[in-house]
Amino acid sequence: MPNGGTLELMKHFVPDTGQSSEFRVARLERQLLRERSARLEAEAIAERGLRELYEQKQWLLLLQRVTKGANEADDIAEAFALSLREVCIQMGWDFGNAYLIDSGSREAVACDVWYAEEPDRLFAFIDASRQIRFTSGIGLPGRVLRDSRPHWILDVRDDEGFLRRSEAKRCGIKSGCAFPIVIKDETVGLFEFFSSRTVMATDDLLATMAQISSQLGRVVERDRARRALLHDASHDALTGLPNRALLAERCARAAADLSSNGQGVGILVIDLDGFKAVNDRFGHHAGDSLIRALGERLRGVVELFQRESDPNWPAERVTLSRTGGDEFVVLLDGLADRSWVDDLTGRIHKAFERPFYIGSSEVRLAASIGFALSDTGRCDVNQLLRDADLAMYEAKSEGRGRTIEFNEELGEVIRNRRQLEHELRLAIRDCQFRLFYQPIIDMRAGTELRGYEALVRWQHPERGLVSPAEFVPIAEEAGLMSFIGGWVLHEACDALARLHAMGEAHSRRFISINVAPMQFLQPNFAAQVRRTLMRTGVRPESLKLEITEGVAIIDPVRTAKVLAEVREWGVQTSLDDFGTGYSSLSYLQNLPFDTIKIDKSFIDDLTSKRSQDIVRAILDLARSMELSVIAEGIETEAQRAILEQLGCPFAQGYLYGRPVCEEQAFAL
Amino acid sequence: MKGIVFNLLEEAVSAAHGVDAWADLIDAAGVSGVYTSLGSYPDDDMTALVQSAANLLGCPENDILHWFGRAAMPLLAQRYGDFFKGHATARSFVLSVNAIIHPEVRKLYSGAGCPHFHFEDAADGALLIGYRSPRKLCHLAHGFVQGASDHYGEEAAIEHLQCMLEGHPLCRMAVRWS
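Procedures and definitions
- Residues numbered from 1 in each chain as written.
- Chains lettered and ligands numbered in written order.
- Predicted model: local features only at pLDDT ≥ 70, side-chain atom pairs only at ≥ 80, totals over all residues.
- Helix = DSSP H or I, 4+ residues; strand = E, 2+ residues; numbered from the N terminus.
- Buried ≥ 20, exposed ≤ 12 C-beta atoms within 10 Å, placed from the backbone.
- Contact = placed C-beta atoms within 7 Å.
- pLDDT = per-residue confidence, 0-100.
- Pairing = 2+ DSSP bridges.
- Core = buried A, V, L, I, M, F, W, Y, C linked by C-beta atoms within 7 Å.

Peer 1: Lay out the overall build of chain A with the relevant residues and their values.
Peer 2: Tallying secondary structure elements over chain A gives 24 helices and 23 strands in all. Expressed as a percentage of its 668 residues, the buried residues of chain A come to 38%. Of the contacts formed within chain A by residues at least 6 apart in sequence, a portion of 65% connects residues at least 24 apart.

Listed below in structure tokens is the structure:
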């Protein structure tokens, strides 16, 4: 094509300087619009890519954490607990719950392994879910069991087939879903999750849950394989002692012989004290070798006892068996003399006096023993075993190295305790607790009221006010303390908001609450505190959390971390019962506290020089560490005068006021 | 502050006051005006823009923020329709905002601070919303809730129970839908 032709074409694109400026502006505006649209489109593309990347990264991280946890877990419960927690946090579920499928009945049975962000808010639902069971097709878990695939309920309140509807409504639960845990094609367990929001299924979520499910399936498979190996054998692989199966066989024979030969049967349940700590400190491998050594020692003791009691006692009628991790049972079939049992328990306790060794570390263990005898009018051997077990728990609750014999009174005590535990659950559900407030005053400014310690009471519908000393131990044993503690935290913050609304002077007061070890060591305790502050809008500085050294002993590293976290928002921390515990000084140094509370026992005895010296030393220590001090349990004017003279800044006790209800306390 | 918030403000201002209004506002506020949804920009820019708008229109800054929050909702629904689809009511949508905001902010800036809303059901059926942020943009949040209610064709009555702007440690509002 000749040059002239190209020029001819280009001519149209040469700007026509003769065009009006209006035309040019309009063209520029169109161009601007195009640029703008291009920018928006580019942004949208980049955002989509980044979002996908971010989400995938989150799913991968979740999967990684679950896989790691599942591989490291010692048993199914631990692997499930960890996975539930990770999934709840990552996906924003309020509650996650685990089931195993019973191989006999093919039911989905909840295994009391669960995670909740705010357990006390969801108490009714959690309590209804912890031990529930479902047959195929019934309820949410039943649907998963029937179809072996995930099921989703967008609004449980509209789902007629959702069995826990009333509890869900009560707790504000809206959506839920459940996923099977599978080994190949068999559903062996399942997880269910619930939220107060509408949560929808996405492809990524389903794919990730499927992978988590197969990871957990492997954990169940591993556990089954281990059990199968041991199932047929009649002896415990670790110690070589008879196992539960053989014990059951011998028990059955003892029961059959019992009526004919007229001789007695005795059963001892032996449980180690302090074994868990050994496992935690030295690892499971060391724990296993310890159990082996212990089995050896117990075998020696029982054999010697048998020979010395009656040389003609047939060997197979005295059975020492290992029935659990750190639990042993002795069956004495043909017990001629009751005093033999006392002899045997004495020998067993004595055997624990010598230390055990793990490498070069000395380990001291003790045993709690419970026993039950047939000659007290009972001849059901399985019942004897259960009774001995209850007696063992009773022995354990009294401290290390005790022996307790089961009797009817003990049975009665235990029945009462169960009744109380049942009532305690109702109390949590129906909010039967009340907070009472005891004034804390500033001694330096006369008797200026600075705050309160909140103390929980149970307003029992029939028995009236029940003191914490009566119900806290039972709540702790039944795993209910974190629910009650959660309620205390919420109620105290609500009360703070009411207190501060009463005016200028009241708005400077604080409320101090006691935090139970179980509550404090919950993985999300710090988050619970933050949420409660957020919800109630109270100033964090006006909330004081009191913990005892007991918490720090269980897990010092975690305790320090949680304390530091809550203090970061301004919440005050306080070490309760100071001076009564273990190595208080090292805790003070390593744990971030604002206040220490001098235990009442020192104040009771304050007229003695020794107690005065201790209190003076505590005050000096606190001053040098810039900690505030509250003296507890001041009852007399004399005690007050001494404390004032020693320079104690804050005080609490009957002299200034007993714990009273909110209305009375806040009117002060 | 995320660029998207500036982009939404631009769209809302342009829609209400014409395309030139935004350019005038940029000049009046003395800010750069270069905002993309992928970037993050100084909080001071937003403050200056809101202040200038308040001056130009002769109304309180809080009213500007509230208006903006409400006007932004339909624009958000246009851009991010998926976030709205799964919800049948404004209440359900509002309850999901933490789950939306967090990944949206964090996908761009890991560790970025983002507002966190705390929700609770009041005994009388109201939704209590707690909000705490150094930016103190509670009136913007207020407008967002109103805008979300518009989107679902609902009427919302919002009561500010306590406010950071009045020296409280956090903002709390009660929302009642009718």
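Peer 1: Talk me through the confidence of the model for chain B; I want residue IDs and the actual numbers.
Peer 2: For chain B, per-residue confidence averages 86 on the pLDDT scale, and 92% of positions sit at 70 or higher. Per the prediction output, this complex has pTM 0.67; the corresponding ipTM is 0.77.

Peer 1: Please set out the pairing of strand β18 (residues 543-547) of chain A residue by residue, giving values where relevant.
Peer 2: Residues and elements named next belong to chain A. β18 sits mainly inside the fold: five of its five residues count as buried. Here strand β17 (residues 510-514) runs beside β18; their pairing, made up of four bridges, is parallel. Paired with Asn514 across the bridge in β18 is Glu546.

Peer 1: If you had to explain the nonpolar core to someone new, which residues and values would you point to?
Peer 2: Residues and elements named next belong to chain A. Within the largest apolar cluster, 161 residues are counted, with the highest numbers of intra-cluster contacts made by Leu84, Ala492 and Val629. In terms of residue count, helix α15 (residues 481-500) provides more of this core than any other element does, eleven residues in total. Judged by nonpolar contacts, the second largest core, of 43 residues, contains Leu241, Ile267, Val330 and Ile404.

Peer 1: Please set out the confidence of the model for chain A residue by residue, giving values where relevant.
Peer 2: Looking at chain A, the pLDDT average stands at 86 and 94% of residues meet or exceed 70. Mean pLDDT values over the elements of chain A span from 56, in helix α1 (residues 3-10) of chain A, up to 95, in β17 of chain A.

Peer 1: Which residues make up the pairing of strand β9 (residues 327-335) of chain A, and what are the values?
Peer 2: Residues and elements named next belong to chain A. Counting buried residues along β9, seven of its nine residues qualify, which places the element largely inside the surrounding structure. Both strand β7 (residues 264-273) and β9 contribute to a ladder of eight bridges, which runs antiparallel. Each residue of the ladder has a partner; that of Val265, found in β9, is Asp333. Two elements, strand β8 (residues 318-324) and β9, share six bridges in a ladder whose sense is antiparallel. Looking at the pairing, Thr319 lines up with Leu331 of β9. The hairpin formed by β8 and β9 contains two residues between the paired strands.

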